[in-house]
Amino acid sequence: MSLPISTKRHSLSHIMAQATRMVMGADAKLAIGPDIDTGWYYDIDFGDKTLEESKLKEIEKKMKSIVREGQEFKPFTLSVADARDFLTTLGEVYKVEMVNDLEAKWEVVIGFYANIGKFQNPVYKDFAYLGEFSTSTFIDMCQGPHVNNTNEIPEDSFKIDKLAGAYWRGDAKNKQLTRIYGLAFENAEELAAYTNMMEEAKKRDHRILGKKLKLFTVSDMVGSGLPLIQPNGMIIREAIKDYLWDLHKGKWYDRVCTPHLAKEELYQTSGHAGKYLEDMFSVYGGTSKENFFLKPMNCPHHMQIFADNQFSYRDMPVRYFEPATVYRDEKTGQLSGLTRVRSITQDDGHLFCRISQIKDEVSTIVDIIKEFYTTFGLMDGYWVSLSIRDPLTPEKYLGGDDVWKIAESALEEAAIANGLNYKPMPGEAAFYGPKLDFMFKDAIGREWQLATIQCDFNQPNRFKLSFRNEQNEEEQPVVIHRAISGSLERFMGIIIEHFSGTFPLWLAPEQVRIIPIGETFFPYAEEVFSELKKSGLRVKFDDSTDSLGKKIRNAETEHANYILVVGAEEMANRTVAVRNFKTKWQSTEGIAEFVARIQEEIQSKAL
Ligand SMILES: [Zn+2]
Ligand SMILES: [Zn+2]
């Protein structure tokens, strides 16, 4: 049986450490070298030396020769004292720290892996306690697992990717180390597919397109992670928001509106103050000198709206919808464009229902999700994680076994009834309830976790929510948290890249650009312009003195979906020469005919 890819990836980190020493000298100190989703990295301290980008190819070449050579990976252990002596003598300060940590956790032996190759590294020969391993080529402290032999890794299935900086133990107070990233897949084809996807992703980068198409901006003065939406971006954002409400209002949702901040007491009751305090922005002030927090989520506010009503079983379920901005203090280093931000507008909704109603409610939400993502052309290759409890650690979860069973099977039944491509994922549930997490693939094959449906037994309990049941007794509702697009900012970032900045007509900031061939045709072009304006289209009129070629190029650079050129022939026949920027399709149409056709394209939200 072939080894998991993670084992190969991690083995490559040892191989790279060995190769890096060959290129940069034996005094390079090793920190940690784990596998990651796309390959591996190793954090290394080069002391006074700097690893130049240009050396990476050389290191990669040495890695390939180690793979070809067929070095064995062999495990052995040393006592804590011997391990510390060995690593201290070699000057491996980071590994010594790790040995001390393990000792503090009562470890008595330390695991090592030796690479046995043709070359016997003389630095190991004087350590008596290494025994047969004193003739090794390379030794690293590690628990494994690894491949048995470096030749199990296809030579063309990996490459060194890039350099970055990383603080030892992720702490900015510590020394900054050099992180070398590598990419590794099962074979050369998979590696090529991944690198092509990343090349394509670079071309579509929403931060670059966002600037070029004037969709949003980030200002140093406002702060990082706080994107400012430009008028063009706002057209897209509002169209998505309106569409979301269209999908909800038919399903008996009510809209609510809640403020951006709340007293600390609210988050004490909800439990967020205990868990999320570090990520919450506090606002101290006003004349009240009370401590407020910017809300990190909308649920506690919605709970308070529910609590203000005296609902009976006849009112259930109660459904609240509110696209609302929440604030979370992500680390500055992780902030980027629209996808990692501090102000997050969730298309949030909370349903308050009885346990017996979970299944029907989930089905309704699934309907909305399917329709929404089909419209954006994101349903191909989607899958759903049915995130349930880890059966081995039931104590980690809140709420009775019976309630969990009902909720988990309600989610699964809804998934089956709606024909969802789902996978049960034990251990992925939140502590407060099971959930369905939706993963979608964009146009270039990247996977994004977007929509979510989460059952919650915790907050209704913390807020003592209830309604009157048939027996006129207080009954506690279940809360379902759900978001369709997830966050409007992140979703916009994803669709900018998914559509590569050329949006379907219903979203396009500029739907039509009118270009008269010369000044003689300005009056006719203006007539066309006002006809289109009257029909509610987003249209621009290029009255510049640029050449026709330049005008068309400008319209294309700015991604105007339709370009209408008007000249003598068009004026005489009262037509327009139409070209579709995306499909390059061209035609000549009457004005009314053109308007009717593209209004149909907008109405149907055609891709
Ligand atoms: Zn290892
Ligand atoms: Zn919520």
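Residues numbered from 1 in each chain as written. Chains lettered and ligands numbered in written order. Predicted model: local features only at pLDDT ≥ 70, side-chain atom pairs only at ≥ 80, totals over all residues.

Looking now at the overall build of the chain. Of the regular secondary structure elements, the chain holds 18 helices and 28 strands. Its C-alpha atoms give the chain principal-axis dimensions of about 95 × 75 × 55 Å. Out of the 607 residues in the chain, the part that is buried amounts to 36%. Counting contacts in the chain only where the partners sit at least 6 residues apart, residues at least 24 apart contribute 70% of the total. (Helix = DSSP H or I, 4+ residues; strand = E, 2+ residues; numbered from the N terminus. Buried ≥ 20, exposed ≤ 12 C-beta atoms within 10 Å, placed from the backbone. Contact = placed C-beta atoms within 7 Å.)

Moving on: the nonpolar core. Membership of the largest hydrophobic core comes to 89 residues, with the highest contact counts inside it found for Val362, Leu411, Phe438, Ile514, Val528 and Leu564. Core analysis: the next-biggest nonpolar cluster, separate from the first, contains 43 residues, Ile15, Tyr41, Val67 and Phe185 among them. (Core = buried A, V, L, I, M, F, W, Y, C linked by C-beta atoms within 7 Å.)

The residue tyrosine 313 is located in the loop between α10 (299–307) and β15 (318–327) in this model. A C-alpha to C-alpha distance of 19 Å links tyrosine 313 and lysine 251, two positions 62 residues apart in sequence. Discounting chain neighbours no more than four positions away, the residues touching tyrosine 313 are Phe467, Arg468, Asn469 and Glu470.

Here the domain parsing of the chain yields domain 1 (5–200), domain 2 (210–260 + 295–498) and domain 3 (512–603). The centre of domain 1, based on its C-alpha atoms, is set 41 Å off from the matching centre of domain 2. (Domains from an automatic or database assignment.)

With that settled, the discussion passes to the packing of helix α11 (residues 358–375) against helix α12 (residues 401–417). Axes are the key here: two packed helices are described by the angle between their axes and the distance separating the axes. Two numbers describe how α11 lies on α12: the axes approach to 8 Å, and their chain directions differ by 40°. By the angle class used here, α11 and α12 are oblique. For the pair α11 and α12, the sense of crossing is right-handed. For the pair α11 and α12, the contacting residues are Ile358, Lys359, Val362, Ser363 and Val366 in the first and Ala407, Ala410, Leu411, Glu413, Ala414 and Ala417 in the second. The residue makeup of the contact of α11 with α12, split by class, is eight nonpolar, one polar and two charged. (Axes fitted to C-alpha atoms, helices over the stretch in contact; angles between N-to-C directions. Parallel < 35°, antiparallel > 145°, perpendicular 65-115°, else oblique. Left-handed = near helix turned anticlockwise from the far one by under 90°. Nonpolar A, V, L, I, M, F, W, Y, C, P; charged D, E, K, R; others polar.)

In this section: the sheet that holds strand β6 (residues 138–141). Across the sheet, three strands lie side by side as β4-β5-β6; this open sheet has antiparallel pairing. If you trace the sheet from one side to the other, it starts and ends with β4 (72–79) and β6, each paired once. Here the strands of the sheet are splayed against their neighbours by 30° on average, with no regard to which way each runs. Sheet topology note: the β4/strand β5 (residues 109–116) ladder contains eight bridges and is antiparallel. Paired with proline 75 across the two strands is tyrosine 113, which belongs to β5. Contacts from helix α3 (residues 80–90) reach β4, β5 and β6 within the one sheet, and its direction differs from that of β4 by about 115°. (Pairing = 2+ DSSP bridges.)

The subject of this paragraph is the pairing of strand β24 (residues 512–516). Burial analysis of β24 places five of its five residues in the buried class, the great majority of the element. Of the two faces of β24, the one holding Val512, Ile514 and Pro516 and the one holding Arg513 and Ile515 are both buried throughout. Chirality of the crossover, the property in question, places the unit of β24, helix α15 (residues 522–534) and strand β25 (residues 539–541) among those that are right-handed. Alignment of β24 against strand β26 (residues 562–566), held across five bridges, turns out to be parallel. (Right-handed = clockwise from strand over helix to strand, strands pointing away.)

Taken in spatial order, the eight strands of this open sheet run β11-β15-β16-β23-β20-β19-β17-β18, and their pairing is mixed. Looking at which strands have only one partner, the edges of the open sheet turn out to be β11 (254–255) and β18 (422–426). Where strand β19 (residues 435–441) and strand β20 (residues 447–456) come together, six bridges link them in antiparallel fashion. Across the sheet, the residue bridging to lysine 435 is glutamine 454, located in β20.

With an omega dihedral of 0°, the bond running from glycine 144 to proline 145 counts as a cis peptide bond. Here proline 145 is to be found in the loop between β6 and β7 (158–167). Cis geometry marks the peptide bond from methionine 316 to proline 317; its omega dihedral reads -5°. One non-glycine residue with positive phi stands out, namely arginine 169, at about 60°. Along the chain, arginine 169 turns up in the loop between β7 and β8 (176–184).

Look at helix α2 (residues 56–69): 20 Å from first C-alpha to last across 14 residues, which is about the 20 Å you get at 1.5 Å a residue. Among the residues making up α2, those that are buried are Leu56, Ile59, Met63, Ile66 and Val67. Buried residues of α2 fall within an arc of 100° about the axis and therefore sit on the same side. Turned more than 90 degrees away from the buried face of α2 sit Lys57 and Arg68, all of them exposed. Elements in contact with the buried residues of α2: α1 (5–24) and β7. (Expected span 1.5 Å × (residues − 1). Arc of directions from axis to C-beta.)

Glancing now at α1. Side chains that are three or four residues apart share a direction in an α-helix, a result of its 3.6 residues per turn. Along its 20 residues, α1 runs 28 Å from first to last C-alpha, staying within 8% of the 28 Å computed at 1.5 Å per residue. Most of α1 sits inside the fold, with 14 of its 20 residues counted as buried. Count one or two residues on from α1 and you reach glycine 25, which has phi positive near 100°.

Once that is clear, we can look at the packing of helix α7 (residues 231–249) against helix α14 (residues 488–498). The geometry of α7 relative to α14 is characterised by a closest axis approach of 11 Å and an angle of 115° between their N-to-C directions. Considering their axes alone, α7 and α14 lie roughly perpendicular with respect to each other. When you trace α7 past α14, the crossing you get is right-handed. Where α7 abuts α14, its residues Gly233, Ile236, Arg237, Ile240 and Lys241 lie against Leu488, Phe491 and Met492. Here the residues of the contact of α7 with α14 sort into five nonpolar, one polar and two charged.

Turning our attention to the environment of leucine 177. Within the fold, leucine 177 resides in strand β8. On the basis of neighbour counts, which here come to 22 C-beta atoms within 10 Å, the residue leucine 177 falls in the buried class.

In this structure, asparagine 298 sits in the loop between β14 (290–294) and α10. With 100 residues separating them along the chain, asparagine 298 and methionine 198 place their C-alpha atoms 35 Å apart.

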